[in-house]
Amino acid sequence: MQIVFFSTLLWGALVLCKGAEQTGDFKVRLVNGTDSCSGRVEVFHDNKWGTVCDDGWDMNDARVVCREVDCGSAKSAPGDAHFGPGMWKVWMSDIQCSGHESSLKDCSEPSFGIAECPHSQDAGVVCSGVFKVRLVNGTDSCSGRVEVFHDNEWGTVCSVDWDMNDTTVVCRQLGCGSAKEAKEDAYFGQGTGEIWNIQCSGSEGSIEECSQNRTVGNGCYHSEDAGVVCSGGTEGEGECEGKNQLECLDNLLDNSSSLTPKKLLNVTLRAVDLLSQWKEEVREKQIGVALKIPEKLALVLVKPTQTQSSSNLSTEKIEVQTFAIGPEANLTETRQLKSRDNLLKIDLLAIAKNNNGSGAVVFIAYTNMEKVLKAEFFHAEKDTIKTMMSNVISASLPNTKNTTLPEPVNFTLRHLTVVPEGQLTCVYWNQSRWIVDGCELTETNSSHTVCTCNHLSTFALIMQTGRAPEDDIILKWISMIALSVGLLFLALAILTFILCHWNPKVSNTARLNLSICLFLAHLLFLLVQSFLSHIQKHKLVCAVISGVLHFLFLSSFVWMFLEALQLFLLVRNLREVRVIRQEGIHWGFLLLIGYGIPCLVVGVSAGVVPNGYGSKECWLETDKGFRWSFLGPVCFVLAVNVILFITIIGYLRFALAGRNKEISQLKDTRMMVVKILFQFIILGCPWIFGFFVNNSKVLEYLFLLTTSQQGTFIFLVHCVFRKEVQEQYRQWWKNICGSKDASESSHSFTTFTPSQTATK
């Protein structure tokens, strides 16, 4: 048995450790290649770099790696340590990617650290690299010398073997319509930088998918630079359609000298609109491009100055604020920048001192970007509900060589909604997710939060709140069935109390009203739970319902107290055996107390805390201690009833001392005490479970079953188990069956034995 226990414990610990390990940071890099987009594949896991085994390694896996490291498309997937053997651990093996995943860790069933694979089988990839295209020196943005951007450098394309197939791909990638001409021999002038040999079939979506080779040593010169003429003409920015729209717009801004200020703004707004209204999954590369486009617009807005200058651009989708200072600026401090009611405080003077006296800052606020850069992209340790609490904003230092911040900057972010109870976190966008490195929350109030960061990037404010528990279908059905059964028996009990002929010495006032209150409360509760989604839309209706429920449940407890009080008054007079007369409180006073006290409590509660009624469940709000407007009176009634029953038992012991316990009056009184004591336990004690129901599923089921069957208990104990009621049930049944016996009926209604004289 011990072996089984410890084996289970060890297995559980291993599962927990593995789960914790999987949640760690995961990165991919390429090592020992000819450039940054080729090499041995290495992954960062469990705070260590390791390699990938080439078992099952193919082009689909290579495509995912190239996408993850932002290196374009995959060209080959070499194995057998083509780029040299790695070191440390072989982290992954038998990877099975479809080619569409955004990361290796998303491929089917990746195994971490358990592969028996030597480093001689380390996997590698060769990617095309990121190739951006622009047209230079043309008559418009859709004609000119072809230039490509690769390895952080702009270069040209050799016109040897340059044809219409290649031109078609360039025009398609730029969104400039169809290809009209393929120009050779530096038709649009000679360029600079590296010269590339690119050969396309014409069906590719971009030159990343074509065959590319550097022409170093192959005898191609800038006098042979290739050019194109596309059909897009001066309306090129209107031709950016299809899957490469963002890249097209980005390329247009790279050649911004051919665009008017109006077209520059239109291009930027187009990019922001594309991303903010994207209806499918947005890839990391697309997000990166879209965030850079507004910054490129800001570069155009920032003009060189010797003193100081500022500019502002505001539309429905974006607001850009710029501020620049020069060597002759006469400032003692930098003013705050404001965009969409968000503020940026930065020491631009200190930054300018490290840049020959000049500096500029751009502050951008987006209107709907939080719908794309969603809060779900923030990975927290706990499973919480994440909500965007601010606009997405970004800040940068254009035309600044030394971007080191002398001191942290402060962002004051305006809240989009009322701050709920939860954890606020300042985050910034890092390629594919929100992270918190270098940012912290320093101040917050109901409308704004101040984030202090030691770098500039794209920022936002995220709120984390506890995740609502999932609906328990089993509990829901048990609740529906149990409450329906309880309501049925409560209805039968009420009809019995009203229609049956009772001993004149028996008062059923408290018992009848207790049943009525429970019936109405349970019925209303059942209806509310069945139509909760519709009722929640009407806050006033929800508040009224919660107030009525509060009143009915409190009335039930008060009537239970009154029943115990009347029993106490009866037992107190059992000093001697005598013919009993009806004891207790007049029914008028009972009604006044039974409904007056709950009404007073509800009225005071609503007056002191007007917003206390109408929670999401159409019940009492739990904050600010308002729950005690119900729990307080309930605890008081339960405590008083306990005292009453202890006193009643004491009186019974005194009354029975030295007397014949078979005397009818004492015997029936004792039986009545037992019944009402059990009634107190069944009706009162289950509510104690309600104090702890949130911490135990077992108590939740127990609470539901006991409270829903209170009507069943009342019907069985006070109706079915009473002899005179049984007789009347039999008579009703005979009447229904058509065999009425008048004499028997008369006898059952007029003859009462001493056992039928129990009073309350």
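Residues numbered from 1 in each chain as written. Predicted model: local features only at pLDDT ≥ 70, side-chain atom pairs only at ≥ 80, totals over all residues. Heavy atoms only, no water.

Going by an unreviewed UniProt entry, the chain carries the name Adhesion G protein-coupled receptor E3-like and comes from Megalops atlanticus. Its UniProt record gives the chain a comment under Subcellular location (unreviewed entry), which states: "Cell membrane". Check the Sequence similarities (unreviewed entry) section of the UniProt entry for the chain; it says "Belongs to the G-protein coupled receptor 2 family. Adhesion G-protein coupled receptor (ADGR) subfamily." (UniProt positions renumbered as here; feature names shortened; annotations may be inferred.)

1. Details of the packing of aromatic side chains
A full pass over the atoms with the stated rule returns 18 aromatic pairs. A ring pair is formed by phenylalanine 553 and phenylalanine 630, whose centres lie 6.5 Å apart and whose planes are at 70 degrees; its orientation type is edge-to-face. Pair noted here: phenylalanine 553 is in helix α11 (residues 539–572) and phenylalanine 630 is in helix α13 (residues 628–656), with a separation of 77 residues, a long-range link. Here the two residues phenylalanine 553 and phenylalanine 630 agree in accessibility, since each one is buried. On the numbers, 5.2 Å between centres and 85 degrees between planes, the contact of tyrosine 613 with phenylalanine 626 is edge-to-face. Of the two residues, tyrosine 613 sits in the loop between α12 (587–608) and α13 while phenylalanine 626 sits in the loop between α12 and α13, which places them 13 residues apart along the sequence. Exposure remark for phenylalanine 626: the relative accessible area of 4% places this residue in the buried category. (Phe/Tyr/Trp six-rings, centres within 6.5 Å; stacked < 30°, edge-to-face > 60°. Helix = DSSP H or I, 4+ residues; strand = E, 2+ residues; numbered from the N terminus. Buried < 20%, exposed > 50% of the residue type's maximum accessible area, 1.4 Å probe, protein only.)

2. Some remarks on the pairing of strand β21 (residues 393–396)
Two faces belong to every sheet, and in a regular strand the side chains alternate between them. By the alternation rule, side chains of β21 split into Ile393 and Ala395 and Ser394 and Ser396, which are all buried. By the bridge criterion, four bridges tie strand β19 (residues 359–366) to β21 in an arrangement that is antiparallel. Paired with alanine 365 across the two strands is isoleucine 393, which belongs to β21. (Pairing = 2+ DSSP bridges.)

3. A closer look at the state of the cysteines
Scanning the entire structure with this criterion turns up seven disulfides. Two residues share a disulfide in this structure: cysteine 158 and cysteine 220, whose sulfurs sit 1.9 Å from each other. When the S-S torsion is 100 degrees, as for the bridge of cysteine 158 with cysteine 220, the disulfide is right-handed. With cysteine 158 in the loop between β10 (153–157) and α3 (164–174) and cysteine 220 in the loop between β13 (211–214) and β14 (227–230), the pair connects residues that are 62 residues apart, well separated along the chain. Covalently, cysteine 171 is tied to cysteine 230 through a disulfide, its sulfur atoms 1.9 Å apart. Because the sign of the S-S torsion sets the handedness, a value of about -85 degrees for the bond joining cysteine 171 and cysteine 230 places this disulfide among the left-handed ones. With cysteine 171 in helix α3 and cysteine 230 in strand β14, this pair connects stretches of sequence that are 59 residues apart. With a relative accessible area of 0%, cysteine 171 lands in the buried category. Of the residues examined, cysteine 230 reaches a relative accessible area of 5% and is grouped as buried. Note on cysteine 719: no disulfide assigned, nearest cysteine sulfur contributed by cysteine 500 at a separation of 7.1 Å. (Disulfide = S-S within 2.5 Å.)

4. As for the side chain of serine 629
If you trace the backbone, serine 629 turns up in helix α13. Residue serine 629 is classed as buried on the basis of its relative accessible area of 12%. With sequence-adjacent residues up to four places away left out, serine 629 is seen in contact with His550, Leu554, Val601, Ser605 and Leu620. (Contact = heavy atoms within 4.5 Å.)

5. A look at the nonpolar core
If you look at the biggest cluster of nonpolar residues, it comprises 30 residues, and the most contacted ones within it are Leu344, Ile346, Val361 and Phe411. Elements supplying a minimum of two residues to this core: β16 (318–325), α7 (348–353), β19, β21, β22 (409–414), β23 (423–430), β26 (448–453) and β27 (458–466). The element contributing the most residues to this core is α7, with four residues. Excluding its chain neighbours within four sequence positions, the residues that come into contact with valine 361 are Gln321, Thr322, Phe323, Leu337, Leu344, Ile346, Leu348, Ser396, Leu397 and Pro398. In terms of nonpolar packing, the next biggest core, distinct from the first, is built from 28 residues, Cys500, Ala510, Leu569 and Val725 among them. (Core = buried A, V, L, I, M, F, W, Y, C linked by side-chain atoms within 4.5 Å.)

6. Topic: the pattern of salt bridges
Tallied over the entire structure, the rule returns nine salt bridges. Of the charged contacts in the structure, one is a salt bridge between glutamate 42 and arginine 29, with a shortest N-O distance of 2.8 Å. Separated by 13 residues along the polypeptide, glutamate 42 in strand β2 (residues 38–45) and arginine 29 in strand β1 (residues 27–32) bring together distant segments of the chain. Of the residues examined, arginine 29 reaches a relative accessible area of 30% and is grouped as partly exposed. Put simply, Arg29, Arg40 and Glu42 are held in one network by salt bridges that share partners. (Salt bridge = Lys/Arg side-chain N within 4 Å of Asp/Glu carboxyl O.)

7. Quick look at the confidence of the model for the chain
In this model, the chain carries a mean pLDDT of 76, and residues with pLDDT of at least 70 account for 74%. In the predicted structure, residues 1–24 sits below a pLDDT of 50 and forms five contacts with residues beyond four places in sequence or in another chain. Within the model, pLDDT remains below 50 along residues 576–582, and this stretch shows 18 contacts once partners closer than five positions in the same chain are excluded. (pLDDT = per-residue confidence, 0-100.)

8. Let's talk about the packing of helix α8 (residues 473–499) against helix α17 (residues 710–720)
Helix-helix packing is described using two parameters, namely the angle between the two axes and the distance between the axes. Between α8 and α17, the least distance of the axes is 7 Å, while the angle of their chain directions is 35 degrees. The interaxial crossing formed by α8 with α17 has left-handed handedness. Residue-level contacts link Val485, Gly486, Phe489, Leu490, Leu492, Ala493, Thr496 and Phe497 of α8 to Gly711, Thr712, Ile714, Phe715, His718 and Cys719 of α17. Its residues placed into classes, the contact of α8 with α17 shows nine nonpolar, five polar and no charged. (Axes fitted to C-alpha atoms, helices over the stretch in contact; angles between N-to-C directions. Left-handed = near helix turned anticlockwise from the far one by under 90°. Nonpolar A, V, L, I, M, F, W, Y, C, P; charged D, E, K, R; others polar.)

9. A short note on unusual backbone geometry
A positive phi is found at aspartate 94, a non-glycine position, where the angle reads about 55 degrees. The topology assignment puts aspartate 94 in the loop between β5 (89–93) and β6 (111–112). Overall, the relative accessible area of 46% leaves aspartate 94 in the partly exposed class. Positioned with a positive phi, arginine 340 is a non-glycine residue whose angle comes to about 55 degrees. Turning to its location among the elements, arginine 340 is positioned in the loop between β17 (337–339) and β18 (342–345). Owing to a relative accessible area of 18%, arginine 340 belongs among the buried residues under this scheme.

10. Side note on the sheet that holds strand β25 (residues 439–444)
Spatial strand order, β17-β18-β22-β26-β25: five strands in an open sheet with antiparallel pairing. If you trace the sheet from one side to the other, it starts and ends with β17 and β25, each paired once. Strand after strand, the sheet turns through a mean of 20 degrees between neighbouring axes, direction not considered. By the bridge criterion, five bridges tie β25 to β26 in an arrangement that is antiparallel. Pairing of glutamate 443 across the sheet is with valine 450, part of β26.

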